[in-house]
Amino acid sequence: MVAISEVRGQLANVKNLGSGLVAVFVGGTSGIGLSTAQEFTRYATAPHIYLIGRNEAQASEIISELRTVNQSATVDFIKSDISLLKNVDTTCREIAQKESKVNLLFLSPGILTTQGRTETSEGIDRKLSLHYYARMRFAENLLPLLNQAASSGSLARVVSVMSPGNEGKLVEDDLDLRNNYTLPNAAAHACTMTSLYMAQLAAAHPNISWVHSRPGAVNTNIMRDFNPLLRGLTQALFALTPVCSSIGLLSVKESGERHVYAATSPLFAPRVKGGATVGADGAKGSGAYRVDYDSSIVKAKAELVERYLGSGVGKKVWEHTRAMYAKATGN
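Not measured: the values here are computed from a predicted model.

Relative to the helices and strands, Ser209 is located in strand E6 (residues 209-213). In this structure the C-alpha to C-alpha distance between Ser209 and Pro266, which are 57 residues apart in sequence, comes to 10.0 Å. The residues contacting Ser209, other than those within four sequence positions of it, are Ala156, Arg157, Val158, Phe268, Ala269, Pro270 and Gly287.

On to the pairing of strand E2 (residues 48-53). Most of E2 is tucked away, with 6 of its 6 residues classed as buried. Residues His48, Tyr50 and Ile52 line one face of E2 and the alternating positions Ile49, Leu51 and Gly53 line the opposite face, and both faces are buried. Two elements, strand E1 (residues 22-26) and E2, share 5 bridges in a ladder whose sense is parallel. Considered in E2, the bridge of Val22 is made with His48.

Scanning the model with the defined rule gives 7 aromatic pairs in all. With a centroid separation of 5.5 Å and 75° between ring planes, the pair formed by Phe268 and Tyr289 is classed as edge-to-face. Here the residue Phe268 occupies a position in the loop between helix H9 (252-264) and strand E9 (288-291), and Tyr289 occupies one in strand E9, the gap between them amounting to 21 residues. Across the pair, exposure class does not vary: Phe268 and Tyr289 are buried alike. Through a chain of ring-to-ring contacts, three or more aromatic side chains come together here, namely Tyr132, Tyr133, Tyr197 and Trp318. The lysine or arginine in question, Arg137, covers the ring of Tyr325, its NZ or CZ lying 4.8 Å from the ring centre.

Before going further, it helps to examine the confidence of the model for the chain. Predicted coordinates in regions of low pLDDT should not be interpreted in detail. Here the chain averages 90 in pLDDT, while 87% of its residues score no lower than 70. In this model residues 222-226 is a low-confidence stretch, pLDDT under 50, and it forms 18 contacts with partners more than four residues away in sequence or in other chains. Of the regions scoring below 50 in pLDDT, residues 230-247 engages in 17 contacts with residues more than four places distant in sequence or in other chains.

Within this structure, the stated rule accounts for 15 salt bridges. A salt bridge links Glu172 to Lys316; the shortest N-O distance between them is 3.2 Å. One end of the pair, Glu172, is in the loop between strand E5 (157-161) and helix H7 (183-204); the other, Lys316, is in helix H11 (residues 313-329), and 144 residues separate them in sequence. A residue is classified by how much of its surface remains accessible, and Glu172, at 31% relative accessible area, is partly exposed. Across the pair Glu254 and Arg258 runs a salt bridge whose closest N-O atoms are separated by 2.9 Å. Residue Glu254 and its partner Arg258 are located together in helix H9, separated by 4 residues, close to a single helical turn. Beyond isolated ion pairs, a larger network of salt bridges with shared partners links Arg8, Glu39, Arg42, Lys253 and Glu257.

By the secondary structure assignment, Ala23 is in strand E1. For the pair Ala23 and Val158, spaced 135 residues apart in sequence, the C-alpha to C-alpha distance is 9.9 Å. In contact with Ala23, other than residues within four places in its own chain, are Phe40, His48, Ile49, Tyr50 and Leu104.

Glancing now at the side chain of Asp292. Tracing the backbone through its elements, the reader meets Asp292 in the loop between E9 and helix H10 (302-311). In terms of polar contacts, Asp292 uses its side chain to reach the side chain of Arg214, at 2.7 Å. In contact with Asp292, not counting residues within four places along its chain, are Arg214 and Val298.

With that settled, consider the nonpolar core. Core analysis: the largest hydrophobic core is formed by 58 residues, its most contacted members being Ile52, Ile95, Leu105, Phe138 and Trp210. With 9 residues, the single largest contributor to this core is H7. Those residues within four positions of Trp210 in sequence are excluded, and the remaining contacts are Ala139, Leu143, Val158, Met198, Leu201, Ala202, His205, Gly287, Ala288 and Tyr289. Formed by 36 residues, the second largest nonpolar core is a distinct cluster that contains Leu66, Leu104, Ala263 and Tyr293.

Calculation notes
Residues numbered from 1 in each chain as written. Predicted model: local features only at pLDDT ≥ 70, side-chain atom pairs only at ≥ 80, totals over all residues. Heavy atoms only, no water. Helix = DSSP H or I, 4+ residues; strand = E, 2+ residues; numbered from the N terminus. Contact = heavy atoms within 4.5 Å. Buried < 20%, exposed > 50% of the residue type's maximum accessible area, 1.4 Å probe, protein only. Pairing = 2+ DSSP bridges. Phe/Tyr/Trp six-rings, centres within 6.5 Å; stacked < 30°, edge-to-face > 60°. Lys NZ or Arg CZ within 6 Å of the ring centre and 35° of its normal. pLDDT = per-residue confidence, 0-100. Salt bridge = Lys/Arg side-chain N within 4 Å of Asp/Glu carboxyl O. Polar contact = N/O pair within 3.5 Å; in protein donor to acceptor, adjacent residues only side chain to side chain. Core = buried A, V, L, I, M, F, W, Y, C linked by side-chain atoms within 4.5 Å.

Encoded structure:
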């Protein structure tokens, strides 16, 4: 565990990363994404912040708040339903037209729902799209800008907030769960495929850091799609549970601080320049990290991830994901 005092000490050093850092927050208008954007803006020097989301009215309030937090910050909002991969492409093109580099890509869109498979117009389950496919599409599309930041010696990092340590068995002949959809399967596939795909991106782009983060239990509005009764019962359970960091219960502010730490700390820098070993843990030579709510390396399920990478399942996930991109976007 990394003490919160150490985390906050590191945040004071974010200014040393240089002026004008460009940070893209996908899902940045609520919850962990918003909290992380707030803390990043607080500590960075003249950053350019992009917030990607659907709520334009809410975004307008957030922009005013971020500019108050840091008067040197530039903040832009791009309205987009990024459950559709075509919209992800459009959003990334808009960013690329304005920027020559991206220093941080922070990915936290998602929903917590009791509904079964709910397909988008592109034929992808909405939950899987938000939690996996759209996120990795953002990473792929913004790779040229991330690599440009890395080549200049600046921060270049991708953080996806999901659930490392909860990887599970994949239905290898049905990775998008068209025929085997259950909520547990969807959660396991989104988590496991994220770890596998990011490890392979780390091997292909060793000068960029790739962080799969587990936030623990944080009081956000992710339960918004629950029916009122179930939402009320769940919120009551959180209210009655003692706040205990040992089981991952954090305030939204602390979660934001710890995610800025994951996004900027040298602890999660690329391990190898010019050629990384594919792996699930940066300590083994890869620039891919599985990071826990307390800012430590996740050890649970590391062997499963390594086995999938070594046995060719990682390659199967890679090929499947790119095929889904082509199917949804024609590109």
